[in-house]
Amino acid sequence: MSHEFTVTGSEVVLDAPIIAVRRDQVVMPGGNEAAREIVEHFGAVAVVALDEHGRVALVEQYRHTVGERLLELPAGLLDMHAEDELTCAKRELQEEAGLAADEWGVLVDLVTSPGFAEEAVRVFIARGLHEVERPEPEYEEADMDFSWVDLEDAADMALRGEVVNSIAVSGILAAVRLVARGDAPRPIDEPFRLRPTSLAARRAKHGVVPDMKRI
């Protein structure tokens, strides 16, 4: 019989705009309690946008954690109160790539760092693309580049270490598999079971809506 990891106490030790850190006291097998720090997160979405030539839309964005510009999929936080994943994905695709899509499906769901973080990401696949007006970018996005890359070439770039963002690597390789087999993606109304709720629920309780980053 599996052990129940009961939480006996919890406190927020850091509350920042896009993350929080919570310390839980958890009952371990054998009865002892141990502290577990958890990075709370809103969750996120990303988009593998494929055109009629088999190319994937990639953006290049500066990431301060590694001090480099990384090739990534168009993506963004689920930081607007009660917004569904597809609506967020459509907005991010427009804001970062200037694109809209007629066909959408769920490609893969990811838990990016389950050892310490709640972050989960739903990666969509989008087809039937057309250009739309891109809003004026802000912050790092003002320095963002955009390019079309053949999907097979993008997979090779991941294997050579030229694409290292974990969400991009997972989405690209999953898309290669799906396209090669001619499979249909999962339906867009499939529940995002692993979407984090702790941070969003606490911000909403304190009236930090609709933009839950603005604390």
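Scroll up a little and you will see the structure.
Keep in mind that what you see is a predicted model, and the values were worked out from it rather than measured.

Structurally, Arg 203 can be placed in helix H4 (residues 198-205). By relative accessible area, which is 3% here, Arg 203 ends up buried. Arg 203 has contacts with Asp 15, Ala 16, Pro 17, Ile 19, Phe 42, Val 208, Met 212, Lys 213 and Ile 215, leaving out every residue within four places of it along the chain.

In the sheet, strand E4 (residues 44-49) pairs with strand E9 (residues 120-131) via six bridges, with the strands oriented parallel. Note that in E9 the partner of Ala 44 across the bridge is Val 121. Here strand E8 (residues 99-111) runs beside E9; their pairing, made up of 11 bridges, is antiparallel. Residue Gly 105 lies in a different strand from E9, and its bridge partner there is Ile 125.

So, on to the packing of aromatic side chains. Scanning the entire structure with this criterion turns up two aromatic pairs. Judged by centre distance (6.0 Å) and plane angle (85°), the ring pair of Trp 104 and Phe 124 falls under edge-to-face. A residue pair is termed long-range when its members are at least 10 positions apart, and Trp 104 in strand E8 and Phe 124 in strand E9 qualify at 20 residues. Here Trp 104 matches Phe 124 in class, with each residue buried. Seen from their ring centres, Phe 146 and Trp 148 are 5.5 Å apart, and the 85° between their planes marks the pair as edge-to-face. Given a relative accessible area of 28%, Trp 148 falls into the partly exposed group.

Attention now moves to the sheet that holds strand E2 (residues 19-27). Taken together, three strands build an open sheet; the order of strands is E1-E2-E3 and the sheet is antiparallel. Each edge of the open sheet carries a strand with a single partner, namely strand E1 (7-15) and strand E3 (33-41). For this sheet, the mean inter-axis angle between neighbouring strands, taken without regard to orientation, is 20°. Where E1 and E2 come together, seven bridges link them in antiparallel fashion. Its bridge partner lying in E2, Asp 15 is registered against Ala 20. Sitting on the sheet, H4 is in contact with E1, E2 and E3, with an inclination near 115° to E2.

Quick notes on the rules
Residues numbered from 1 in each chain as written. Predicted model: local features only at pLDDT ≥ 70, side-chain atom pairs only at ≥ 80, totals over all residues. Heavy atoms only, no water. Helix = DSSP H or I, 4+ residues; strand = E, 2+ residues; numbered from the N terminus. Buried < 20%, exposed > 50% of the residue type's maximum accessible area, 1.4 Å probe, protein only. Contact = heavy atoms within 4.5 Å. Pairing = 2+ DSSP bridges. Phe/Tyr/Trp six-rings, centres within 6.5 Å; stacked < 30°, edge-to-face > 60°. Axes fitted to C-alpha atoms, helices over the stretch in contact; angles between N-to-C directions.

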